[in-house]
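Structural overview
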Amino acid sequence: MSEKRAQIIPFNAVNEFLLPEYRLKILQQAFSELNNLPEGRRSAISRLVKKLVTVSGFRNSALAPAPVKARAAVSAFEKSAEFSSQIMGAWYDLHPELAQKVYDLLKARNWELLPLDADRSKLPGFLTRWPQAETFEVLDDAYAAQYPADGEHEYDINMMIAWLSGRLPVDMVEKVDEVEAGE
């Protein structure tokens, strides 16, 4: 029996899968709706902005207007796993209906998932093994079939799939190993 270990990549690896415009949209939404986030998430993001983001004309970058701060934060999102995990966690917090729909879809398709309310930003990163039969296109079609009146954009659906599953489609495999799912 060969020993199988989960391969984990840092959260900022998500940048390999994001269009620059979509990354900026996520950052802008997190910053513009910061006051709608739970206190712990809000303070973590503010702390990381002060530490990692430089906005010209502001001693404290956290006080900059959301659109300016978002543009300045792109580099931090690309380079810092902690920062990207908090921003993705904020994005998740701001989309509870989409989260529930995607969670239900993935559970119905027998995906192994943490409970919906688990704080995934505390995980070490994304798992790399992805079931090859479950491409984003297949999952987008399944979502559209299950929620035909829903107008969610496929980028949002795909981001939520990656976030809730804790996976990025790096290593396409026939079946995700049970050992990995439990790690």
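Every chain is numbered independently, its residues counted from 1 as its sequence is written. Reporting in this predicted model follows two pLDDT cut-offs: at least 70 for local features of residues, and 80 or more for side-chain atom pairs to be given and counted; totals over whole chains, interfaces and linings ignore these cut-offs and use all residues. Each side-chain value is worked out from all heavy atoms of the structure, with water and hydrogens disregarded.

1. Observations regarding the overall build of the chain
The cut-off we apply is this: Helix and strand definitions here come from DSSP, where helices need a minimum of 4 consecutive H or I residues and strands a minimum of 2 consecutive E residues; each element is numbered from the N-terminal end. The atom set for the radius of gyration is the C-alpha atoms, and the globule formula is 2.2 Å times the number of residues raised to the power 0.38. Each residue is assigned to one of three classes by its accessible area relative to the maximum for its type, calculated with a 1.4 Å probe on protein chains only: buried under 20%, partly exposed between the two thresholds, exposed over 50%. Residue contacts are defined here by distance: any two heavy atoms, one from each residue, within 4.5 Å place the two residues in contact. For every accessible area listed, the method is Shrake-Rupley and the probe measures 1.4 Å; residues are considered covered only by the protein chains on display. Working convention for charge: Lys and Arg count positive, Asp and Glu count negative, and His plus the chain ends are omitted. Charged side chains are reduced to one point each, which is NZ for Lys, CZ for Arg, CG for Asp and CD for Glu.
Assigned secondary structure in the chain consists of eight helices and three strands. Helices (α) and strands (β) of the chain occur, in sequence order from the N terminus, as β-α-α-α-α-α-β-α-α-β-α. Computed over the C-alpha atoms, the radius of gyration of the chain is 17 Å, within 12% of the 16 Å expected from 2.2 N^0.38 for a compact globule of 183 residues. Counting only C-alpha atoms and orienting by the principal axes, one finds that the chain spans roughly 55 × 45 × 25 Å. With 183 residues in all, the chain has 48% of them scored as buried. The long-range share in the chain, meaning contacts at least 24 apart out of those at least 6 apart in sequence, stands at 76%. Surface accessibility of the chain: about 9,800 Å² in total, with carbon and sulfur atoms responsible for 51%. Looking at the chain, you have 21 positive and 27 negative side-chain charges, and the mean spots of the two groups are 9 Å apart.

2. Some words on the environment of threonine 54
Position of threonine 54 among the secondary structure elements: in the loop between helix H2 (39-52) and helix H3 (66-79). For threonine 54, a relative accessible area of 69% translates into the label exposed. For the pair threonine 54 and serine 75, spaced 21 residues apart in sequence, the C-alpha to C-alpha distance is 10.0 Å. Excluding its chain neighbours within four sequence positions, the residues that come into contact with threonine 54 are Ser61 and Ala72.

3. Brief notes about the sheet that holds strand E2 (residues 126-131)
What counts, and what does not: Pairing between two strands is assigned when DSSP locates at least 2 bridges connecting them. Inter-axis angles, ranging from 0 to 180 degrees, are taken between N-to-C directions of lines fitted to C-alpha atoms, where helices are fitted over the stretch in contact.
The three strands lie next to each other as E1-E2-E3, forming an open sheet whose pairing is mixed. The open sheet has two edge strands with one neighbour each: strand E1 (8-9) and strand E3 (167-173). Pairing of E1 with E2 involves two bridges; the strand directions are antiparallel. Across the sheet, the residue bridging to isoleucine 9 is phenylalanine 126, located in E2. Across the sheet, helix H7 (residues 154-165) lies against E2 and E3, angled at about 110° from E2, the strand it touches most.

4. Some words on unusual backbone geometry
You will see that asparagine 110, though not glycine, has its phi angle at about 65°, which is positive. Examined against the element boundaries, asparagine 110 turns out to sit in the loop between helix H5 (96-108) and E2. Relative accessible area serves as the criterion here: at 66%, asparagine 110 is assigned to the exposed category.

5. Focus: the pattern of salt bridges
Applicable threshold: Just to be clear on terms, a salt bridge is a Lys or Arg side-chain nitrogen sitting within 4 Å of an Asp or Glu carboxyl oxygen.
Under the defined criterion, the tally for this structure stands at nine salt bridges. Taking the shortest distance from any N to any O, the salt bridge between glutamate 78 and arginine 23 comes out at 3.5 Å. Of this pair, glutamate 78 sits in helix H3 while arginine 23 sits in helix H1 (residues 20-32); the two residues are 55 residues apart in sequence, bridging distant segments of the chain. Assessed through its relative accessible area of 35%, glutamate 78 is described here as partly exposed. A relative accessible area of 7% means that arginine 23 is categorised as buried. A cluster of three or more residues bridged by salt bridges with shared partners is formed by Arg41, Asp93, Asp119 and Lys122.

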